[in-house]
Amino acid sequence: MTFKDLEIIEPILRALKEQGYTNPTPIQEQSIPILFKKHDLLGCAQTGTGKTAAFSIPILQHIYLDDRAKKGKRDIKALIVTPTRELALQIADSFTKYGKYTGVKNTVVFGGVNQNPQTSSLRAGVDVLVATPGRLLDLIQQGFISLSKIEYFVLDEADHMLDMGFIHDIRKIIQKIPVKRQSLFFSATMPPAIVKLSGAILGNPKKVTINPEQTTAEKVEQSVYFVSRKNKVKLLSHLLQKYDIDSVLVFSRTKHGANKVVKLLGRAKIKADAIHGNKSQAARQKALKNFKDGIIKVLIATDIAARGIDVEAMSHVINYDLPNIPETYVHRIGRTGRAGKSGIAISFCDVEERPYLRDIEKLIGQKISIVEDHPYPDDAKEEPLKPAAKTVRQKPGTWARKAGNKGGGNYAQRNRKYFKPKKKSD
Ligand code: AMP
């Protein structure tokens, strides 16, 4: 199957050819004909499968064919909402690339930066708007954006939207777009909350599922090193020095951890940079550009900051920390081995992360091979699980009174630190 077989118009085919794309990826092959027929689409697929082109090509084609004869100011006809600035930039860039010969204009809005350049390009008129939820609502409120002419709506990375607490913003946005529209909904995972949200957005959708196993676990060569927490940085510099690694994305669970790894690698004369939510947008983009240009070969990122990273030739992904959510592992290793290319994913696993490793292996349905021959082996044994203590429900404050603690309050209040909601890594 080639793009020509999908009945894509010549101006888009020409742009795809320039990008070096010859064959559609499975999600493109399956989704593009559905979208040409103006059906709604529920796509279960993650970044790295080629889903951006799968939705942007039909939108560009529809707008191009509908608007050829139209003159005057452009209305925003397509809205793509995505959780992070990096992804928003990436998607807008795809629209620019694939739409190069169509005359269809796009712009991108996201928070954390001055809004003036964004409002200027909105004022000039665009057909396609790519946005993160907060800034979108803000600019609607200020009167810079009207969604009344939207014909195509894409909700991208819906599961991450929910993880990042954007659910209310999404609901507000949906209320502002016309009911008569084509809606596309993409998510890597489909937990019940996502299925419910998709029901609120889509009308009788066609479904396309690209299993993570097909796109990542099968293509990416994976291995795991058992190593103690304190030896992880030594192992990392050992691997970076020993193997000729072109470009590696290293995942850290926390922002603080990411900074620390950059510093420690610096001591070993290995140039690295970090991107995470505490860095300014300019600093993130600079780090990303240096990485893409090959000026730095090692980029340390937290999960959320890494969502939009798309570097064609990324040879390796290293999980410096294993994620406690197994789907995150699949997202991470999807950063390498993109669109048919093979990649290598290495994971470091300390004794406390062994349960995470088991969860990951269960999800991907395969055992990850253990590398035993390395200079920092960890022979720590996992503590056997203690039988769960019997819990006796008590009235709030009972425990404190019994213990002679006049402070009263309940168990949760006194042990607040254990009950804090978990902080996001970004
Ligand atoms: P996405 O899942 O949209 O983030 O795309 C992942 C990567 O695959 C991006 O680098 C795209 O440029 C690339 N890509 C998308 N479609 C194709 C294709 N048909 N052939 C080759 N590369 C592609």
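The structure we're discussing is the one just above.
Because the structure is a prediction, the values reported are computed rather than measured.

1. Describing the sheet that holds strand β2 (residues 78-81)
Next, step 1: Strand order in the open sheet made by the 7 strands is β3-β4-β2-β5-β6-β1-β7, with parallel pairing throughout. A strand with exactly one partner marks an edge of an open sheet, and here the two such strands are β3 (106-109) and β7 (206-209). On average, adjacent strands in this sheet sit at an angle of 15 degrees to one another, irrespective of strand direction.
Next, step 2: Pairing geometry for β2 and strand β4 (residues 128-131), over 4 bridges, is parallel. What sits directly across from L79, in β4, is L129.
Next, step 3: Packing against the sheet, helix α2 (residues 26-36) makes contact with β1 (41-44), β6 (182-187) and β7, and its axis sits at approximately 170 degrees to β7.
Next, step 4: The strands that helix α3 (residues 51-67) touches are β2, β4, β5 (152-155) and β6; relative to β5, the one it contacts most, it runs at about 170 degrees.

2. Focus on the pairing of β2
Next, step 1: Burial along β2 is two-sided: A78 and I80 facing one way and L79 and V81 facing the other are all buried.
Next, step 2: Taken together, the 4 bridges between β2 and β5 define a ladder with parallel strand orientation. The residue of β5 that forms the bridge with L79 is F153.

3. Section: the site of the ligand
Next, step 1: As a structural note, the neighbourhood of the ligand is formed by 15 residues, with Y21, Q28, G48, G50 and T52 the closest of them.
Next, step 2: The contact in question runs from an oxygen atom of the ligand to an N or O atom on the side chain of Y21, over 2.4 Å.
Next, step 3: In the model, an oxygen atom of the ligand is placed 2.7 Å from a nitrogen or oxygen of the G50 main chain.
Next, step 4: If the ligand stood free it would expose 500 Å²; the protein chains cover 88% of that surface.
Next, step 5: In terms of residue class, the shell around the ligand is made up of 4 nonpolar, 8 polar and 3 charged.
Next, step 6: Looking at which domains feed residues into the shell around the ligand, each of domain 1 (3-210) and domain 2 (214-370) supplies at least three.

4. What to know about the sheet that holds strand β13 (residues 343-349)
Next, step 1: Pairing in this open sheet of 7 strands is parallel, and the strands run β10-β11-β9-β12-β13-β8-β14 from one edge to the other. Of all strands in the sheet, those with a lone pairing partner are β10 (272-275) and β14 (369-370), marking the two edges.
Next, step 2: Pairing analysis gives 7 bridges linking strand β8 (residues 220-226) to β13, with the strands arranged parallel. Residue pairing across strands places V224 opposite S347, the latter belonging to β13.
Next, step 3: Set on the sheet, helix α11 (residues 232-242) makes contact with β8, β9 (248-251), β11 (298-301), β12 (316-319) and β13; between it and β13 the angle comes to about 155 degrees.
Next, step 4: Each of β8, β9, β12 and β13 is contacted by helix α15 (residues 326-333), which is oriented at about 155 degrees to β12, the strand it contacts most.

5. Side note on helix α16 (residues 354-364)
Next, step 1: If you check which residues of α16 are buried, you get R354, L357, I360, E361 and I364. Looking straight down α16, one finds its buried side chains confined to an arc of 110 degrees; they lie on one side.
Next, step 2: Two residues or fewer past α16, G365 is found with a positive phi of approximately 65 degrees.

6. Things to note about the packing of aromatic side chains
Next, step 1: Under the definition given, this model contains 5 aromatic pairs.
Next, step 2: Here F55 and F95 contribute two aromatic rings whose centre-to-centre distance is 6.4 Å and whose plane-to-plane angle is 45 degrees, an arrangement assigned as tilted. One end of the pair, F55, is in helix α3; the other, F95, is in helix α4 (residues 85-98), and 40 residues separate them in sequence. Of the two residues examined, F55 and F95, each falls in the buried class.
Next, step 3: Note on Y320 and F348: the rings are 6.0 Å apart at their centroids and 50 degrees apart in plane angle, and the pair reads as tilted. Placement of the pair is Y320 in the loop between β12 and α15 and F348 in strand β13, with a sequence separation of 28 residues. Taken individually, Y320 and F348 each receive the classification buried, so the pair is uniform in this respect.

The rules behind these values
- Residues numbered from 1 in each chain as written.
- Predicted model: local features only at pLDDT ≥ 70, side-chain atom pairs only at ≥ 80, totals over all residues.
- Heavy atoms only, no water.
- Pairing = 2+ DSSP bridges.
- Helix = DSSP H or I, 4+ residues; strand = E, 2+ residues; numbered from the N terminus.
- Axes fitted to C-alpha atoms, helices over the stretch in contact; angles between N-to-C directions.
- Contact = heavy atoms within 4.5 Å.
- Buried < 20%, exposed > 50% of the residue type's maximum accessible area, 1.4 Å probe, protein only.
- Near = heavy atom within 4 Å.
- Polar contact = N/O pair within 3.5 Å; in protein donor to acceptor, adjacent residues only side chain to side chain.
- Areas by Shrake-Rupley, 256 points an atom, 1.4 Å probe, with all protein chains shown as cover.
- Nonpolar A, V, L, I, M, F, W, Y, C, P; charged D, E, K, R; others polar.
- Domains from an automatic or database assignment.
- Arc of directions from axis to C-beta.
- Phe/Tyr/Trp six-rings, centres within 6.5 Å; stacked < 30°, edge-to-face > 60°.

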